[in-house]
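Each chain is listed here by its residues.
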Amino acid sequence: MSIDLPTPIAAYFATDKKGTAQAISECFTQDAVVMDEGNTYTGRDAIRQWMANASTQYTYTVEPFSIHEEGGKTVVSSHLVGNFPGSPVDLRYFFVLEGDRIAELKIIV
């Protein structure tokens, strides 16, 4: 199923499929915040390291299947399949956008 994602969010998911941790970090503002698995990563360097660690630990695919607005955030539900504990799982990605970049991302089950 294909859904229409805002450009910065579409870029994030496209880069997650094919890009490097550096390329993914460039989807974010300089002082962006990512919250995932109980950890908080602030700034592009921390986000790049978060993605580098995730990509060396696990192989996965993510497929967004729905989008809605909630409390000023864009919420994208995605199906994640890979070699990580608990796979497969549906995750919700809460995005806050700032211009053409992501300012905040929180990922929860």
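Just so you know, these numbers come straight off a predicted model, no measurement behind them.

Undergrad: Break down the nonpolar core for me, with residues and values.
TA: Core analysis: the largest hydrophobic core is formed by 25 residues, its most contacted members being Tyr-12, Phe-13, Phe-28, Trp-50, Tyr-93, Phe-95 and Leu-105. For this core, the secondary structure elements donating two or more residues are helix 1 (7-18), helix 2 (21-25), strand 1 (28-36), helix 3 (44-57), strand 4 (73-82), strand 5 (89-98) and strand 6 (101-108). Among the elements that line this core, the one with the most residues is strand 5, at 4 residues. Residue contacts for Tyr-12: discarding those within four places in its chain leaves Ile-24, Cys-27, Phe-28, Trp-50, Tyr-93, Phe-95, Ile-102, Leu-105 and Ile-107.

Undergrad: Explain the UniProt feature "domain: SnoaL-like" (unreviewed entry) in the protein chain to me, and be specific about the residues and the numbers.
TA: UniProt annotation of "domain: SnoaL-like" (unreviewed entry) refers to residues 10-104 when read in the numbering used here. Here residues 10-104 runs as 29% helix and 51% strand, with 15 Å between its end C-alpha atoms.

Undergrad: Requested: an account of the pairing of strand 1, with residues and values cited.
TA: Successive side chains on a regular strand alternate, one facing one side of the sheet and the next facing the other. By the bridge criterion, 5 bridges tie strand 1 to strand 6 in an arrangement that is parallel. What sits directly across from Asp-36, in strand 6, is Ile-107. Inspection of the sheet shows strand 1 paired to strand 2 (residues 39-42) by 4 bridges, in the antiparallel sense. Residue pairing across strands places Val-34 opposite Tyr-41, the latter belonging to strand 2. Remark: 2 residues form the turn of the hairpin made by strand 1 and strand 2, two consecutive strands paired antiparallel; Glu-37 in that turn has positive phi of roughly 50 degrees.

Undergrad: Help me get a handle on the pattern of salt bridges, residues and values and all.
TA: One pass over the full model with this rule turns up 3 salt bridges. The residue Asp-45 makes a salt bridge to Arg-48 at a minimum N-O spacing of 3.3 Å. Of the two residues, Asp-45 and Arg-48 both sit in helix 3, 3 residues apart, roughly one turn of that helix. Residue class for Arg-48 comes out partly exposed when judged on its relative accessible area of 27%.

Undergrad: Kindly report on the packing of aromatic side chains, identifying the contributing residues and their values.
TA: Applying the stated criterion across every chain yields a total of 9 aromatic pairs. Between Tyr-12 and Phe-95 the ring centres are 5.7 Å apart and the planes differ by 70 degrees, which places this aromatic pair in the edge-to-face class. Remark: Phe-95 occurs in strand 5 and Tyr-12 occurs in helix 1; sequence separation between them is 83 residues. Note on Tyr-12: relative accessible area 2%, which makes it buried. When its relative accessible area of 1% is taken as the criterion, Phe-95 is described as buried.

Undergrad: I'd like a description of the sheet that holds strand 1, backed by residues and values.
TA: Read from one edge of the open sheet, 6 strands run 2-1-6-5-4-3, paired in mixed fashion. Looking at which strands have only one partner, the edges of the open sheet turn out to be strand 2 and strand 3 (60-70). With strand direction ignored, the average angle separating the axes of adjacent strands in the sheet is 20 degrees. Here helix 1 sits on the sheet and contacts strand 1, strand 3, strand 4, strand 5 and strand 6; the angle it forms with strand 5, its principal contact strand, is near 130 degrees. Its contacts with the sheet put helix 3 on strand 1, strand 2, strand 3 and strand 6, and the angle it makes with strand 1 is roughly 45 degrees.

Reading the values: rules and limits
- Residues numbered from 1 in each chain as written.
- Predicted model: local features only at pLDDT ≥ 70, side-chain atom pairs only at ≥ 80, totals over all residues.
- Heavy atoms only, no water.
- Core = buried A, V, L, I, M, F, W, Y, C linked by side-chain atoms within 4.5 Å.
- Buried < 20%, exposed > 50% of the residue type's maximum accessible area, 1.4 Å probe, protein only.
- Helix = DSSP H or I, 4+ residues; strand = E, 2+ residues; numbered from the N terminus.
- Contact = heavy atoms within 4.5 Å.
- UniProt positions renumbered as here; feature names shortened; annotations may be inferred.
- Pairing = 2+ DSSP bridges.
- Salt bridge = Lys/Arg side-chain N within 4 Å of Asp/Glu carboxyl O.
- Phe/Tyr/Trp six-rings, centres within 6.5 Å; stacked < 30°, edge-to-face > 60°.
- Axes fitted to C-alpha atoms, helices over the stretch in contact; angles between N-to-C directions.

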